[in-house]
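Now for the letters of each chain:
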Amino acid sequence: GENVEQHPSTLSVQEGDSAVIKCTYSDSASNYFPWYKQELGKRPQLIIDIRSNVGEKKDQRIAVTLNKTAKHFSLHITETQPEDSAVYFCAARTVPNNNDMRFGAGTRLTVKP
Amino acid sequence: SQTIHQWPATLVQPVGSPLSLECTVEGTSNPNLYWYRQAAGRGLQLLFYSVGIGQISSEVPQNLSASRPQDRQFILSSKKLLLSDSGFYLCAWRAGDFNFSPLHFGNGTRLTVT
């Protein structure tokens, strides 16, 4: 089955700096890669997703890049703000073969004001 | 719009007691439904998923079970809780008729087994 690894486990940046979180996946058939943000004590919420037919996707300060050959994808947050502090999870799924979503272990991002 | 309800929000149960967590989805038909568990400070572990009424796929053999008695209802159960069952339980749904649909999570149930 799919295995998703996420790095780093913790990340601390100064407000205004950029943050990058990386994930690798094992199943070359995986073709859907969402990212979730989970604030303390709350549910994970989707912030951006990308399909395997796209190399990069942006939404304001957030971008995701995908390298299918290397089987890794990354989340980029620019101009970080204290409210970006949270745990971020990457995930991978093989559409339409699998109905499950495999998650990385998470990255705790702290943005220092 | 679609909404997902999960209850209770918090639960404290003694070891050996039964468990029943319920999740319902509104505003959609034939959703795919999921139960995840999150240990403190850890990632999301898939427990069960369901693509239709009465259809349950299990990812972990433990002392937990799931049922889907109605199209938009998903129940997580245990006959006898263990200390290791403590955690944050999240129900989630996604549109079953759109392959690239993302997961949408409920607010979760924080279970403490004492």
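This text goes with the structure placed above it.
Below: a short report on this structure. Everything numeric here is computed off the predicted structure, so don't read it as measured data. (Residues numbered from 1 in each chain as written. Chains lettered and ligands numbered in written order. Predicted model: local features only at pLDDT ≥ 70, side-chain atom pairs only at ≥ 80, totals over all residues. Heavy atoms only, no water.)

For the rest of this paragraph, the subject is the overall build of chain B. Across its full length, chain B carries zero helices and 11 strands. Moving toward the C terminus, one meets the helices and strands of chain B in the order β-β-β-β-β-β-β-β-β-β-β. Against the compact-globule benchmark of 13 Å for 114 residues, chain B has a radius of gyration of 13 Å, which places it among compact chains. Overall, the C-alpha framework of chain B stretches about 40 × 25 × 20 Å when taken along its three principal axes. Of the contacts formed within chain B by residues at least 6 apart in sequence, a portion of 55% connects residues at least 24 apart. (Helix = DSSP H or I, 4+ residues; strand = E, 2+ residues; numbered from the N terminus. Rg over C-alpha atoms; globule rule 2.2 N^0.38 Å. Contact = heavy atoms within 4.5 Å.)

So, about the pattern of salt bridges. All names here are of chain A. In total, this model carries five salt bridges over all chains according to the counting rule given. The salt bridge partner of Lys-57 is Asp-49, with a shortest N-O separation of 3.0 Å. Overall, Asp-49 belongs to the buried group, its relative accessible area being 16%. Its salt-bridge partner being Arg-61, residue Asp-84 comes within 2.9 Å of it at the nearest N-O pair. Here the residue Asp-84 occupies a position in the loop between β8 (72-77) and β9 (86-92), and Arg-61 occupies one in the loop between β6 (56-59) and β7 (62-67), the gap between them amounting to 23 residues. Assessed through its relative accessible area of 6%, Asp-84 is described here as buried. (Salt bridge = Lys/Arg side-chain N within 4 Å of Asp/Glu carboxyl O. Buried < 20%, exposed > 50% of the residue type's maximum accessible area, 1.4 Å probe, protein only.)

Treat this as a map of the structure, not an account of what it does.
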